[in-house]
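Architecture and fold: a report
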Amino acid sequence: MLLRDILPENLTEEQALQELQDLAAELSKLDKAYYQDDAPLLDDWQYDALKKRNEEIENRFPLLVLLNSPSKKVGALASETFSKITHKEAMLSLSNIFEESDIIDFTDRIRRFLNLSSNEALDFIAEPKIDGLSFSILYENGRFVKAATRGDGSVGEDITQNILTIPDIPRVLLGNKVPKIIEIRGEVYMKKDDFFALNEEQIRLNKKVFANPRNAAAGSLRQLDPSITQQRNLSLFAYTVGYVDEPTWQTQEELLNLFKSWGFPVSKEIKLCRCDEDLVSYYRYLQEIRSDLPYDIDGVVYKVNRTDYQKRLGFIARAPRWAIAHKFPPTQAQTRLKDIRIQVGRTGVLTPVADLQAVNVGGVMVSHATLHNEDEIKRKDIRIGDMVIVQRAGDVIPQIVEVLKEKRNKDTEIQEFVFPTVCPVCKAPVIRDEDEVALYCSGGLNCPAQALGRLKHFVSKDAFDIEGLGNKNMELFFDFGWIRTPVDIFLLEEKYAKQLELMDGWGKKSVENLCAAINKKRKISLDKFIFSLGIRGIGIATARLLALHYHSFDNLKGQLLSLFGKEDLMQIDGIGSVMADDLIAFFTDIKNMDMLDFLLKQIEVDNFENNQKQTALTGKVIVFTGTLSQMTRDEAKAMAISAGAKVSASVSSKTDFVVLGENAGSKAKNALNLGIKTIDEKEFKQMLEII
C-alpha cells in the first residue's frame, strides 16, 4: 500500500513513521541525482511535493521527525570527483510555502517568536528565487580565496577554478565595510538565451542536450575542465553571507547594497516589503513577469530585514526561521479515472489508488493519483469512469482535485466504488477504529503485507541499516520463510547460507558480503534500536529522547515495567499519555518480550552517550514557567535543548532547574515544595555558555 494516498491529517502515528522513513530514503536518492549528478529524476513540482508532504507530516507528528529527515538535510554529499571544502558556516536551505495564506502564517510565527505586537515594524526583503546552483566564495582581507558548492550543507565541492571563469566574480572586494573574513553566497545560473544557444550547439555536435537552464548551469559549473565552464556563459547573483568575522551591516537591504558596491551582481527585482500585503503584491507581480525575466525562477524568497532579528530567530534543522521560499503553484490537467484499486501497508491501513488514463501534467506523464480513504471518495463523489481534474502538488502521487460531474452522460459507464470488507492480501476482516477515517486489515502480523513491512522497517536506514537487505531481498527471504522475525536475520548465515549460494543471481562471494553486512550490525546504538522495534508512534526523534533519558536498554525496560513507568515517561517533554501507553503496551506484551530476549542474544545495544558540547545545562532536566521578558518560551526551549538539556513539561523530584519568568504559577510552588533550584532568565542565559 502506498501511504501517500492518505492525507497527513488522516495518518496514524505508525503510518506517519513509515511514511517519513520512506520519504527520507527517496529524497536522499533524488538529492544525489540532482546535486551530484545534475540529472534530476523528478521535475521540481514532484520533488517539492515530496518535501511538502514530509513537512506536513512532521508538523502533525513533531515527535516522529527522523534524524536523517529531509527537513534536516541540505543538498547531498559532495561528489568524489571533486576535492572537498568545508564551509566555515553551514550552508543551509529554505523551507517552502505554496499558498498566499501561508505568508500570514509565516509572518505571524515570526512575530510570536520575537514577541512583537502587530503594531511593531517587521520589514522583509523579497527577492526572486533563482533556479540555479548555489555557491559560497571565501574572501580574506578582501581577496578571493576559494569557492564551493552547497554539497550537504557542511562540505561542498571545490569549484574554485571553474567559478573564476565567470566574469561577474570580483577577484578583490573594493569599497567600504569589507570584513576581514567573509563567505559570500548566491546562485550561479544560465540566462535563457544562453541556454537555447548552448543546446543548439550541443545538437550540432551530436551531444546531450540539457533539460532546462538549471541543469545546464549545474553541469557547466561542475566540469573537470574549467575551459568548458568558460565557454558556457554563466551568470550569478549574490544574496546572502555565511561566516563573517565582524558584520558591518544591520539589515539585509544594507548587505545587498554592500554586495553591489563590492562588485557583485544583485537581482534588480529585489524589494523592501513592510507588511503582509506588500509580500502578496510582490509575489503576484513576479508571477506576472516571470516569463519575461531573462533567467528562470521557481518562486519568491522572503527574508526578515533586520539582522539582529535574524540572529534571534536562528535556525530549525536545515533552514532559517527568518526566511522562507514561496513556490509558484502547481499544474492541473483533465483525464479519465479508469479504475480504483486497494493497497495494504505495514500498519494494515487500506488505501485506495486511482488508475488514470495517462495525461501530461506540467511536462510529466501521470497515470496514478491518490484517493486517500473511503470518506474522501464519498465526499468528492469519485466514481470509476469519471472525468477528473488532476493536480501534481502535495503528494508524489498526484491528487484528484475535482470530479467533472457535468461530463457524466449515458454513453459513459460510471461505477461507484465499494470498499472491500476483507483484506485483499490475507482475506482477514476489515475494521475501522472509532474516530479514525482509515480502514484496517485485522490480520496483524498474520497478514504478509504487514509482517513484511515491519521487517523492512527493522533493517531500514534509521534502524539497523543492513546493506544487502533492501526491499527486494527482504521480500525474497520472507517468501522463502527464511526471515519471519528480526531474530531470523541474524540466523540467516547459520541456517541458509549454503542454500543461498546455489540460487540464481547469488554465489559464494555475494553471500559472504551479505553475511558480513549482517554481522557488522550486531552492535547498535540505543536510539536506533528503540526505533527499529517499530513501536507505534515512536520515530527516530522520540527514540533519541528515550535514549537520552534512560541511557541503557536495561534501564528503559526496567523503568517501563515498574509501577511508575508511565509517570516517568510523562516527565519527558513531548511524550504524552497515548505514546506512553503504547510504549508500556509494547514492553508488557509477552510475545514482544520473548522476541527481545532471543534478539538480545544475537546483538549488543550500546548505551547512549550525549556528544553535545558541555554546558552547565548538559544532561539536566529543566522546566520553564511564567512569561520570559527577553525571549519567547519556544526560543528558550530551543536554546536549552541545543545546550544538551532535557526540557520537561512538569516539575518532579528529577527536575534539576526551574526557570522562573514573570507571573510564575504552580510550577514555582512545586519547585519550592520539592527543594528544586530555581533560576531567573539571566542565570539561564549564563548557563548556556559552553564550559
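Residues numbered from 1 in each chain as written. Predicted model: local features only at pLDDT ≥ 70, side-chain atom pairs only at ≥ 80, totals over all residues. Heavy atoms only, no water.

1. Let's talk about the overall build of the chain
A count of helices and strands for the chain gives 25 helices and 28 strands. Computed over the C-alpha atoms, the radius of gyration of the chain is 28 Å, within 12% of the 26 Å expected from 2.2 N^0.38 for a compact globule of 691 residues. Each principal axis of the C-alpha atoms in the chain carries an extent, and together these give about 80 × 75 × 60 Å. Taken across its 691 residues, the chain has 54% of its residues classed as buried. Long-range contacts, defined as pairs at least 24 residues apart, comprise 70% of the intrachain contacts of the chain with a sequence gap of at least 6. In the structure as shown, the chain presents an accessible area of about 32100 Å², 48% of it carried by carbon and sulfur atoms. In the chain, 89 positive and 101 negative side-chain charges are present, and the distance between their average locations comes to 2 Å. (Helix = DSSP H or I, 4+ residues; strand = E, 2+ residues; numbered from the N terminus. Rg over C-alpha atoms; globule rule 2.2 N^0.38 Å. Buried < 20%, exposed > 50% of the residue type's maximum accessible area, 1.4 Å probe, protein only. Contact = heavy atoms within 4.5 Å. Areas by Shrake-Rupley, 256 points an atom, 1.4 Å probe, with all protein chains shown as cover. Lys, Arg positive; Asp, Glu negative; His and termini not counted. Charge placed at Lys NZ, Arg CZ, Asp CG, Glu CD.)

2. Remarks on the side chain of Arg 232
Turning to its location among the elements, Arg 232 is positioned in the loop between helix H7 (226–230) and strand S8 (235–244). The residues touching Arg 232, leaving out its near neighbours within four places in the chain, are Met 190, Leu 198, Gln 202, Phe 210, Ser 220 and Gln 223.

3. Notes on the packing of helix H15 (residues 492–501) against helix H16 (residues 508–520)
Interhelical geometry of H15 versus H16 gives an angle of 160 degrees and a closest axis separation of 9 Å. One way to sum up the angle between H15 and H16 is to call them roughly antiparallel. The way H15 lies across H16 gives a crossing that is right-handed. Residues Leu 492, Glu 493, Ala 497, Leu 500 and Glu 501 of H15 form the contact with H16, whose own contacting residues are Lys 508, Val 511, Leu 514, Cys 515, Ile 518 and Asn 519. For the contact of H15 with H16, the class distribution of residues is 7 nonpolar, 1 polar and 3 charged. (Axes fitted to C-alpha atoms, helices over the stretch in contact; angles between N-to-C directions. Parallel < 35°, antiparallel > 145°, perpendicular 65-115°, else oblique. Left-handed = near helix turned anticlockwise from the far one by under 90°. Nonpolar A, V, L, I, M, F, W, Y, C, P; charged D, E, K, R; others polar.)

4. Things to note about the pattern of salt bridges
Tallied over the full model, the rule gives 25 salt bridges. Residue Lys 129 is joined to Asp 298 by a salt bridge in which the shortest nitrogen-to-oxygen separation is 3.5 Å. Of this pair, Lys 129 sits in strand S3 (residues 124–130) while Asp 298 is found in strand S10 (residues 297–304), placing the two residues 169 residues apart along the sequence. Salt bridges linked by common partners bring Asp 381, Arg 383, Asp 386, Lys 405, Arg 408 and Glu 416 together as one network. (Salt bridge = Lys/Arg side-chain N within 4 Å of Asp/Glu carboxyl O.)

5. Some points on the nonpolar core
With 80 residues, the main nonpolar core has Phe 529 and Leu 569 as its most contacted residues. Take this core: its biggest share by element is 7 residues, from helix H1 (residues 13–36). Apart from the residues within four sequence positions on either side, Phe 529 is in contact with Phe 464, Ile 524, Phe 553, Leu 596, Leu 599, Leu 600, Ile 603 and Val 605. Ranked by size, the runner-up nonpolar core spans 37 residues in total, among them Leu 133, Ile 163, Phe 210 and Trp 262. (Core = buried A, V, L, I, M, F, W, Y, C linked by side-chain atoms within 4.5 Å.)

6. Concerning the pairing of strand S7 (residues 181–189)
Along a regular strand, successive side chains alternate from one face of the sheet to the other. For S7, the tally of buried residues reaches 8 of 9 residues, placing the bulk of the element in the interior. Here strand S4 (residues 133–140) runs beside S7; their pairing, made up of 8 bridges, is antiparallel. Bridged to Leu 133 within S7 is Val 188. Bridging between S7 and S8 involves 7 bridges; their strand directions are antiparallel. Bridge assignment links Ile 182 to a residue of S8, and that residue is Val 244. (Pairing = 2+ DSSP bridges.)

7. Re the packing of aromatic side chains
This structure, assessed with the given rule, holds 23 aromatic pairs. Relative to Phe 144, the ring of Tyr 139 lies with its centre 5.9 Å away and its plane at 90 degrees, an arrangement referred to as edge-to-face. The residues Tyr 139 and Phe 144 share a single accessibility class, namely buried. Each ring, one from Phe 259 and one from Trp 262, has its centre 6.1 Å from the other, and the planes form 65 degrees; the classification is edge-to-face. Here Phe 259 and its partner Trp 262 are both found in helix H8 (residues 252–262), 3 residues apart, which amounts to about one turn of the helix. Comparing Phe 259 with Trp 262, the two get one shared label, buried. (Phe/Tyr/Trp six-rings, centres within 6.5 Å; stacked < 30°, edge-to-face > 60°.)

8. Observations concerning the sheet that holds strand S13 (residues 323–327)
If you trace the 5 strands from one edge of the open sheet to the other, you get S2-S13-S10-S3-S9, paired in mixed fashion. Strand pairing shows two members of the sheet lacking a second neighbour, strand S2 (96–97) and strand S9 (271–273), which therefore form its edges. For S3 and S9, the ladder comprises 3 bridges, and the chain directions are antiparallel. Across the sheet, Phe 124 pairs through a bridge with Cys 273, a residue of S9. Against the sheet, H8 touches S3, S9 and S10, its axis set at about 50 degrees to S3.

9. Remarks on the environment of Asn 670
Along the chain, Asn 670 falls in helix H24 (residues 666–674). As a C-alpha pair, Asn 670 and Asp 554 span 116 residues in sequence and 31 Å in three-dimensional space.

10. Points about helix H5 (residues 192–204)
The end-to-end C-alpha distance of H5 is 19 Å, a good match for the 18 Å that 13 residues give at a rise of 1.5 Å each. The secondary structure elements touched by the buried residues of H5 are helix H6 (213–221). One or two positions beyond H5, positive phi appears at Asn 206, with a value near 60 degrees. (Expected span 1.5 Å × (residues − 1).)

11. Comments concerning the side chain of Asn 373
Its location among the elements puts Asn 373 in the loop between strand S16 (364–370) and helix H11 (374–380). Within the structure, the side chain of Asn 373 is placed 3.1 Å from the backbone nitrogen of Asp 375, a separation counted as a polar contact. Within the structure, the side chain of Asn 373 is placed 2.8 Å from the backbone nitrogen of Glu 376, a separation counted as a polar contact. Setting aside chain neighbours within four positions, we find Asn 373 in contact with Asp 5, Asn 10, Pro 352, Phe 419 and Val 437. (Polar contact = N/O pair within 3.5 Å; in protein donor to acceptor, adjacent residues only side chain to side chain.)

12. Things to note about the confidence of the model for the chain
Atom-level detail of predicted coordinates should not be read off regions where pLDDT is low. On average, the chain scores 86 in pLDDT, and the residues at 70 or more come to 92%. Considering each helix and strand of the chain separately, the mean pLDDT is smallest for helix H23 (residues 633–642), with a value of 75, and largest for S9, with 97. (pLDDT = per-residue confidence, 0-100.)

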